[in-house]
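Spelled out, the chains give:
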Amino acid sequence: MLKDKPVVTLKGHQGPVNHVTYNVNGEYCSSAGDDKTIILWNPVDGVKLKVYNGHGQNVRHVVSSHDNCHLGSASADRCAFYWDVASGTILRRFRGHESVVNCVKFNKSSNMLLSGGNDSTVRIMDLKSRSYEAVQVLNDAKDSITSIDISEDEIVVGSIDGRIRIYDIRMGKLNEDFIGEPITNVCFSSDCQSLVVSSLDNTVRLIDKTSGQLLNDYSGHTHMKLQLQAASWFDDSAILSVCEKSKVFIWDLIRGEVKQMLDLPALAQTLSVHPSKFQLLTGDISGNIHLWISKCKNNTNTTEETKSMSCWALPPR
């Protein structure tokens, strides 16, 4: 269970926060806003570390590379950017999309950046190449791409056309699952065996990625209009989703029962779960990011946490 009130509030965006995400080891987080900026934070200390400027319109999505040294971003300016974390330099500007870019994702080696947009395509960029052109374009979707996630050998794509598409990288095979409702978010569970799918019918679904079987569904929240996010805890014990009535719903993964509801200070569309602790970040329309922590003092798992990367190290204070 999480505490009923946030313990830290991060203030820095001059408008709605469209996306917030932890870095790989959970020590830092980055956020994307309507104010055209990306901000790097130390969420526990409440410290703003760096602001990244360069996009011409609102930034829709931001993601950290797996070595924590780079960021990828998606914007309504139809561009995906590749950033150096330490210097704030834009290393690449990818302009191939014909409309708003909604999401970006690094592969596990962080040598590829994938972007999805309202033009119904996913573009794959080779970050080791000098070319600014996509090495491959996935154009199977019939409507806007809303989310992308990647495991070791699979790419999962969610679309407004109501279909989940899983691309098997090793086999070169595409599998589709029809949900029937516009999908606003899809991501792998922590064990990468299932998919957490959020759609515009007040439902979050847990789907077996191999068979497409519906394992469970979660309801009670309101989700009919906005592009809301859902996720699972690091230990896959629960499913979490933001709600259009300014709440976070937390369901037991197996039983499907609501374990907890958090009242948010303002409407939020984005959340991020810590990779090894019962901690949660939410970003809201007032421009604030809130950190929620467990009521228990020992809220980590039993495995050793990933060591901090030098690229994200705080300067001496």
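Further up the page is the structure itself.
Residues numbered from 1 in each chain as written. Predicted model: local features only at pLDDT ≥ 70, side-chain atom pairs only at ≥ 80, totals over all residues. Heavy atoms only, no water.

## Things to note about the packing of aromatic side chains
(1) Moving on: Within this structure, the stated rule accounts for 8 aromatic pairs.
(2) Moving on: Considering the side-chain rings of Y218 and W251, the 5.8 Å spacing of their centres and the 45° angle between planes classify their relative orientation as tilted. Taken as a pair, Y218 in strand β21 (residues 214–219) and W251 in strand β24 (residues 247–252) lie far apart in primary sequence, 33 residues in all. The same class applies to Y218 as to W251, namely buried.
(3) Moving on: In textbook terms, an aromatic cluster arises when at least three aromatic residues are bridged by ring pairs, as seen for Y52, F81 and W83.
(4) Moving on: Lying over the aromatic face of Y132, R92 brings its terminal NZ or CZ to 5.3 Å of the ring centre. (Phe/Tyr/Trp six-rings, centres within 6.5 Å; stacked < 30°, edge-to-face > 60°. Helix = DSSP H or I, 4+ residues; strand = E, 2+ residues; numbered from the N terminus. Buried < 20%, exposed > 50% of the residue type's maximum accessible area, 1.4 Å probe, protein only. Lys NZ or Arg CZ within 6 Å of the ring centre and 35° of its normal.)

## What about the sheet that holds strand β26 (residues 268–273)?
(1) Moving on: The 4 strands are arranged β1-β28-β27-β26 in an open sheet whose pairing can be described as antiparallel. Among the strands making up the open sheet, the edge pair consists of β1 (8–11) and β26. With strand direction ignored, the average angle separating the axes of adjacent strands in the sheet is 20°.
(2) Moving on: Where β1 and strand β28 (residues 288–293) come together, 4 bridges link them in antiparallel fashion. (Pairing = 2+ DSSP bridges. Axes fitted to C-alpha atoms, helices over the stretch in contact; angles between N-to-C directions.)

Any functional reading would require information that these geometric values do not contain.
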